[in-house]
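For reference, the chains in residue letters:
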Amino acid sequence: MKELLTYIAKHLVSEPDAVSVTEVEKDGETVFELRVAPDDMGKVIGRHGRIAKEIRTLMKAAGNRENKKVSVEIVD
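Residues numbered from 1 in each chain as written. Predicted model: local features only at pLDDT ≥ 70, side-chain atom pairs only at ≥ 80, totals over all residues. Heavy atoms only, no water.

### Details of the pattern of salt bridges
What the rule picks out here adds up to three salt bridges. Here Asp40 makes a salt bridge to Lys43, at a shortest N to O gap of 3.8 Å. For Glu66, the salt bridge identified is with Lys68, shortest N-O distance 4.0 Å. (Salt bridge = Lys/Arg side-chain N within 4 Å of Asp/Glu carboxyl O.)

### A few points about the side chain of Thr30
By secondary structure assignment, the location of Thr30 is in strand E2 (residues 29–35). Side-chain polar atoms of Thr30 contact the side chain of Glu25, separated by 2.9 Å. Look past the residues within four positions of Thr30 in its chain and what remains in contact with it is Glu23, Val24, Glu25, Lys69, Val70 and Ser71. (Helix = DSSP H or I, 4+ residues; strand = E, 2+ residues; numbered from the N terminus. Polar contact = N/O pair within 3.5 Å; in protein donor to acceptor, adjacent residues only side chain to side chain. Contact = heavy atoms within 4.5 Å.)

### Some remarks on the sheet that holds E2
Across the sheet, which stays open at both edges, the three strands sit in the order E1-E2-E3 with mixed pairing between neighbours. The sheet is open, and its two edges are formed by strand E1 (20–26) and strand E3 (70–75), each paired on a single side. For this sheet, the mean inter-axis angle between neighbouring strands, taken without regard to orientation, is 25°. Here E2 pairs with E3 via six bridges, running parallel. Note on E3: the bridge partner recorded for Arg35 is Val75. Sitting on the sheet, helix H3 (residues 50–65) is in contact with E2 and E3, with an inclination near 150° to E3. (Pairing = 2+ DSSP bridges. Axes fitted to C-alpha atoms, helices over the stretch in contact; angles between N-to-C directions.)

Purely geometric stuff here, so don't read any function into it on its own.
See below:
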């Protein structure tokens, strides 16, 4: 799933080399921390947070397939 999030983020931003994803376990939940270049933050979040919401939806669906609880945090 980490690879899926990395793939999605790298194709949204102008600086794909600046994309990093960290996987953290918190209370039985897998939390993916997504970091991008400051100039690309708007591209990942989108207008009114729509892109961020869709990224979270895709990751939750991928987690459901593996019976895992998953969330995505966009970190600056």
